[in-house]
Each structure stands twice: as C-alpha cells, then as structure tokens.
Amino acid sequence: MSRPRTTPGPAPSAPRNAPDTPRSAPRDTSAATPGAAQDAYPDASSGATREVRGGRARDNAPWTAFGGDLHLDLTERRAAGAGLRAALEDALREAVQDGRLAPGTRLPSSRALGEDLGIARNTVVEAYGQLTAEGWLGSRPGSGTTVAERAAPRPAGRPATVRADRRPTGRHDLLAGRPDLSLFPRSAWLASARRALAVAPHDAFDYGSPLGRIELRQALSDYLARVRGVRTDPDRLLVCAGFGQGLGLLAAALRGRGAGRIAVEGYGLPPQREVLRAAGLGLAPLPLDANGARTDLLDDTGGAGAGEAGADGAGAGAGRLGAVLLTPAHQFPTGAALAADRRAAAVRWARERDGYVIEDDYDGEFRYDRQPLGAMQALDPDRVVYGGTAAKSLAPGLRLAWLALPDELVEPVARLKALADTMSPVTDQLTFAELIASGRYDRHVRRCRLHYRRRRDLLVAALAERAPQVRVTGIAAGLHAVLQLPPGSRPEAELLERARAAGLVLTGLDWYRAGPDAERAPDLPAAPDARPHAAPGTAPDTSPNDAPDAAPALVVGYATPSDHAFPAALDALCGILCES
C-alpha cells in the first residue's frame, strides 16, 4: 500500500504553467486593509486576464475589474526629493482639494493603483490610511476607499463664457416654442424602442448613411405624404439633429453654390438668423402683413430687401439672393398663414432666379379652427426644401428633424452632414420609425392637439374676461399667441420688466424683429376665432392696429406650464395686462 502524498501541490484551479507559491511567502491579508476588500472580487465580465499565485486568482488588468482609471503624476514631486508615499499623498490630496476627485468618488484598490503607478501596494495602503485619518478619504469594509464628503472649493479657472442653458427662468414659463414635456409618450416610446431594437439588423449600429436610417426615412416619407402632402421619397430625406442643424447645412450648401444673401421674414426666430449669418449669408428681411410675408418683393432684390440686410448686420447687397426662408403654414411668431398667391410668387421667383424656398413647418400638426394647410413643398419639390421637426410634437431634447431636399441639394447637404457629425444617433431614429409605423405617433399627436386647444381656449377666455382691451391673434394653430395691447399702453420693455418681477417668462414681439429697420406689420393677423367665447354672430376683430409702432405686443406660449400651474400663470399674466 503506497504512502499518501503529503507535499502540497499547485491549487487545482491554477494553470499548468503557473509558478508555485514560495514556501516563505507570507499569507495575504489584504482583505483587512482599507480599500482592499474589493481586490478579492474581480469582475468576471470584464474580460481581464488572470493568473494564479499561491492558489489565488489575480488580475493583470485591474482597471477593468476595479472601476475607472485615476491619473496621478508623481514625477515632479519625486524630482523635488519627495518620497514615494509623500508624493502619492500630496497628489491625492491636491486632486481632492481642487475638485478633480469629487466627494463620493470610489478610488482604485490599493493593489490596482500600486500596479498602475509601479509602486508597492503597502505604500498605497499607507497613503490611503494617512489621508483617511486626515479626513480626505473614507473607508468602509466591503466598500473600498472613497473620497470623503467635505466642502471643497470650486476648481480655479476662467469664468464660463457660455451658459449651459440660455433660457431665462421664472415661476411661470410662457416662452413660445416649447411643448408640454409632461405629454411625452413614455410608454409608447419605450414599447417602440423595444420593438425596434428587437428587429433591427446588426449593421444598423455600424456607421451608416449621413441621410439617416432607411427605416425612419421610409416611415417619414409615407407619413409626410399622408399628413402634410409632401412629395418626396426616402432617398431625398435627410435626418438631422434639429432644424437648426438642417438650416446650417442648407446655408453652407447655398453659400457653396454662389449665394450671398437669403431673404427672411421680417419677424422670425433670432437663433435662425444667427445660423444663417454664421454661414456667411447676408439677410434680406421681407415685410409682413395679415397674409404673411411679402414674397412679391423677392423680385426687387435691389430694393427694400437689399437695403434692410445691412440693418441686420449682414451687409446690404452682398451677393446673389439664393433662397428665402418662410414659415408658410403658421408664421412665427405672428401666426399668419401665407396666402396662396404669395406661395405661388415665392415658387415662381425660385424657378426664375435659380433659387430655393426653405419651408420651416415647425408645428404643422397643430391646427385647431381651420382646415390644415398642405405643405408648400408640393408646389415644386425641385425648388422647395421642406423642413420638419419632432421638437413640438414630442420633445426638443430628442434632436430629431428632417429635410425633404430637391435632387440637386441631396449630395452637397449630405456631404456637409457627414463632415458635421457623420450620422445622427441610430436608436432614436429606429424608435421614432417604429412609433410612426405602429400608429402610436398619430394617436399621440391627436391627444396633444386636443390638450393644446383647451389650453388656448382657457387663455383666450381669461383675457376676454379680465383684459378685454387686449387683442389676441395668431391662435388658429400652434402653441403660442400674440397679445396686442392698445395704443398708449406701457412700452414693451416696461411690460416685460413687470412680467419678470411677477415671475413670468415671456417675450415681446420686438425681440423677433429682423433688425431695427424691419417694418412692424401694419395689421398683424387676427384669427376669426380670436374670441371664441364671444356672443354668436359677433364679427371677428380684424381691425388694423392704428399705431403699430407705439402699441406693444407680447408673444405668449401656452403649452409649457403644467396643468396645475397654468391657472396661476394666467392670473399673473392677466394682472400684468390689467395694469398696462
């Protein structure tokens, strides 16, 4: 009978070529040291290579197992004569003090940091212990070492020159151009995302066409033809990160084709004009009246339009007029619908002058008291660029918009899009495509349309009761209204200051003016439903504003406040108007 073997061999789990543990090696007691408990539990999903020493697995890639990297440069401190431990303590202390390591940040394990810095693990353990005693770090068994909660000064540096959010703040947000974000269809979006991701091909997550995912372009092509009368196909649709990006791409493409100026409506969104100027285009504002922009003046490129460009800081007469930017379905912000003869005049000008019409259909889904107006693009798809967005129907934060391009502009705009950001994010495109194809988007839009119409009616009723001197216009569609005060009222600037004091956030009509010389419309449009609660048979208020430049006007968005906050916002607004 053979004698049993008593000499210890390699641990069963060790590789055949793993070195045996020297008999004199001390037992590892790292679990008892601060931050070392996590050393015993490497992340199996990280793919880190492992080796066995003394029967214990050890990671060769500690960062993948123990959290994020930590950059510490000990070179200068070592060159100045500091010891390793002192240099490490100073580096960690400075990182915490200047805010680079925020309170609660989990530090690498002592073993991982030691291996990364090429120093003994015990040195790291001692540094951690010293800083813990000083209150810079904290340690709990099983939780590793973290930066202690303490008041740390802001990192020194230059003051920020660009605010993260330029929106003014107040108790009641009545700025135009924002939807009610509480209406975002979270459940429908989540269901569409699950379905879209389940059926998406693998190559959908690779680099793709700058035009966007074919699933969304196909869904948009069908939807826009059905709902807005747009004549296009998936190969001429481009998905972009908001209409602002699309406008910038168009402006750069037009500039590359020799355009020097672009006509804009006399009142419009200032950031859009900034985008056009940044692309090197001069601006030629067109006057507005109750029938929309005066597109009949486009032929007079050396007349009023050219002269007004200088007022906007873009240089009068600087180059060929290559395009006109319009909001024909619902002029922003006055609310006028572009008359049929003016639509035809704009298209005729584009054909004769080798120009383009850029149609911003920013809120085409929301029509309340009139038949929906079809997209102007259907008049001539080769001369009209159609732009749409999900910012009003879903949420601005999605950054989903699209352009239906003429054939001649597809290649140059797509090339510029590829240079800007290669392609738009895929998952939101796939989800939006499924949302449209499933019919959930249509149901959501109908629900929002009813919600916003009720909001509008509450606004008009409150003004009719408490501020009857105010004329409400531009409310047959969209998410905002223009409130025209009678001549002799307080100036717009004073009204806005009073509004701010009352916690109201809104804008005056003059903020949208395209330069100081742009004409104030002699008759801002009054919708037939300007006072829907008036007595039956009462004639709509369509009288002209007798002194337009003396009478202030406020642009009020009624979509943003929540349902419980909207009555208070109306009270504050009516209070300001009653004192005007």
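Residues numbered from 1 in each chain as written. Predicted model: local features only at pLDDT ≥ 70, side-chain atom pairs only at ≥ 80, totals over all residues. Heavy atoms only, no water.

Enquirer: Could you clarify how one ought to interpret the overall build of the protein in this entry?
Expert: Helix and strand content of the protein: 16 helices and 19 strands. Relative to its full complement of 580 residues, the protein shows a buried share of 50%. Sequence-distant contacts in the protein: of pairs separated by 6 or more residues, those separated by 24 or more amount to 75%. (Helix = DSSP H or I, 4+ residues; strand = E, 2+ residues; numbered from the N terminus. Buried < 20%, exposed > 50% of the residue type's maximum accessible area, 1.4 Å probe, protein only. Contact = heavy atoms within 4.5 Å.)

Enquirer: Looking at this structure, I do not really get the packing of aromatic side chains. What am I missing?
Expert: Each aromatic ring pair is specified by the distance between its two centres and by the angle formed by the two planes. Going through the model one piece at a time under the given rule, you end up with eight aromatic pairs. With centroids separated by 5.4 Å and ring planes inclined at 85°, the aromatic side chains of F366 and Y452 adopt a geometry described as edge-to-face. Pair noted here: F366 is in the loop between β12 (356-360) and β13 (384-389) and Y452 is in helix α14 (residues 440-466), with a separation of 86 residues, a long-range link. Pair check on accessibility: F366 and Y452 agree, each one buried. (Phe/Tyr/Trp six-rings, centres within 6.5 Å; stacked < 30°, edge-to-face > 60°.)

Enquirer: Hey, could you run me through helix α15 (residues 492-501) in this one?
Expert: Given 3.6 residues per turn, any residue in an α-helix points the same way as the ones three and four places further on. Among the residues of α15, E492, L495, L496 and A499 are the ones counted as buried. For α15, the arc enclosing every buried residue in end-on projection is 95°, short of the 170-degree limit, so these residues lie on one face. In this structure, α15 carries A493 and A501 as exposed residues pointing more than 90 degrees from its buried face. Contacts from the buried residues of α15 go to β17 (504-505), β18 (507-508), β19 (553-557) and α16 (566-578). Where α15 terminates, the next one or two residues include G503, which has phi positive at roughly 85°. (Arc of directions from axis to C-beta.)

Enquirer: Would you mind showing me how to read the pairing of strand β16 (residues 480-484) here?
Expert: Consecutive side chains along a regular strand alternate between the two faces of the sheet. Most of β16 is tucked away, with five of its five residues classed as buried. Where burial is concerned, the two faces of β16 agree: the one with H480, V482 and Q484 and the one with A481 and L483 are both buried. Here strand β15 (residues 471-473) pairs with β16 via three bridges, running antiparallel. Considered in β16, the bridge of T473 is made with V482. From the end of β15 to the start of β16, which pair antiparallel, there are six residues, and G474 there has a positive phi angle of about 70°. Pairing of β16 with β19 involves five bridges; the strand directions are antiparallel. By the bridge assignment, V482 is partnered in β19 with V555. (Pairing = 2+ DSSP bridges.)

Enquirer: Explain the nonpolar core here, please?
Expert: Across soluble globular proteins, nonpolar side chains show a tendency to be buried alongside one another. With 35 residues, the main nonpolar core has Y452, L463, L483, L504, L506, L573 and L577 as its most contacted residues. Residue contributions to this core peak at eight residues, all from α16. What L504 contacts, discounting residues up to four positions off in sequence, is H172, L174, A499, A569, A572, L573 and I576. By size, the runner-up hydrophobic cluster in this structure holds 29 residues, among which are C240, F243, A253 and L403. (Core = buried A, V, L, I, M, F, W, Y, C linked by side-chain atoms within 4.5 Å.)

Enquirer: Sorry if this is basic, but what is going on with the packing of helix α6 (residues 186-199) against helix α13 (residues 426-437) here?
Expert: Packed helix pairs are characterised by how far apart their axes lie and by the angle those axes make with each other. Where α6 meets α13, the axes come as close as 8 Å, and the angle between the chain directions of the two elements is 110°. Relative to α13, the element α6 lies roughly perpendicular. Along its contact with α6, which presents A188, W189, S192, A193, R195, A196 and L197, the element α13 presents T427, D428, L430, T431, F432, E434 and L435. Here the contact of α6 with α13 is built from residues that sort into eight nonpolar, three polar and three charged. (Axes fitted to C-alpha atoms, helices over the stretch in contact; angles between N-to-C directions. Parallel < 35°, antiparallel > 145°, perpendicular 65-115°, else oblique. Nonpolar A, V, L, I, M, F, W, Y, C, P; charged D, E, K, R; others polar.)

Enquirer: Help me understand the pattern of salt bridges, please; the structure alone is not making it clear to me.
Expert: Between side chains of opposite charge, a pair can form when the charged atoms approach closely. Per the counting criterion, the structure on display carries 28 salt bridges. Counted as one network, the salt bridges with shared partners bring together R85, E89, D90, R93, E126 and E134. (Salt bridge = Lys/Arg side-chain N within 4 Å of Asp/Glu carboxyl O.)

Enquirer: Hey, could you run me through the confidence of the model for the protein in this one?
Expert: It should be kept in mind that the predicted coordinates are not to be read in detail where pLDDT is low. For the protein, per-residue confidence averages 81 on the pLDDT scale, and residues scoring 70 or more make up 76% of the total. Scored below 50 in pLDDT, residues 1-66 shows 87 contacts in the model against residues more than four places distant or in partner chains. Confidence over residues 302-317 falls short of pLDDT 50; this stretch has 36 contacts with residues more than four positions distant or in other chains. (pLDDT = per-residue confidence, 0-100.)

Enquirer: Whenever I open this one, the environment of L70 confuses me. Can you help?
Expert: Considering the arrangement of structural elements, one finds L70 in the loop between α1 (62-66) and α2 (75-79). Separated by 46 residues in sequence, L70 and D116 place their C-alpha atoms 9.1 Å apart.

Enquirer: Before we go on, may I ask you to explain the side chain of R93 in this structure?
Expert: Residue placement: R93 occurs in helix α3 (residues 84-97). There is a polar contact of 3.2 Å between the side chain of R93 and the side chain of E134. Ignoring anything within four residues of it in the chain, the contact list for R93 reads L131, E134 and W136. (Polar contact = N/O pair within 3.5 Å; in protein donor to acceptor, adjacent residues only side chain to side chain.)

Enquirer: What is the right way to read the pairing of β19 from this model?
Expert: With respect to burial, β19 is a largely interior element, five of its five residues being buried. Taking every second residue as pointing to the same face, both faces of β19 are buried, with A553, V555 and G557 on one and L554 and V556 on the other. Examined bridge by bridge, β18 and β19 share two bridges and lie antiparallel to one another. Note on β19: the bridge partner recorded for T507 is V555.

Enquirer: Explain the sheet that holds strand β6 (residues 237-240) to me, please; I cannot follow it from the model alone.
Expert: Adjacent strands of a sheet pair through backbone hydrogen bonds, lying either parallel or antiparallel. Read across the open sheet, the seven strands follow the order β6-β14-β13-β12-β11-β7-β8; overall the sheet is mixed. For this open sheet the edge positions go to β6 and β8 (282-286), each flanked by a neighbour on one side alone. Neighbour-to-neighbour, the strand axes of the sheet open up by a mean angle of 25°, direction not taken into account.

Enquirer: How should I be thinking about the sheet that holds β15 in this particular structure?
Expert: Across the sheet, which stays open at both edges, the four strands sit in the order β15-β16-β19-β18 with antiparallel pairing between neighbours. A strand with exactly one partner marks an edge of an open sheet, and here the two such strands are β15 and β18.

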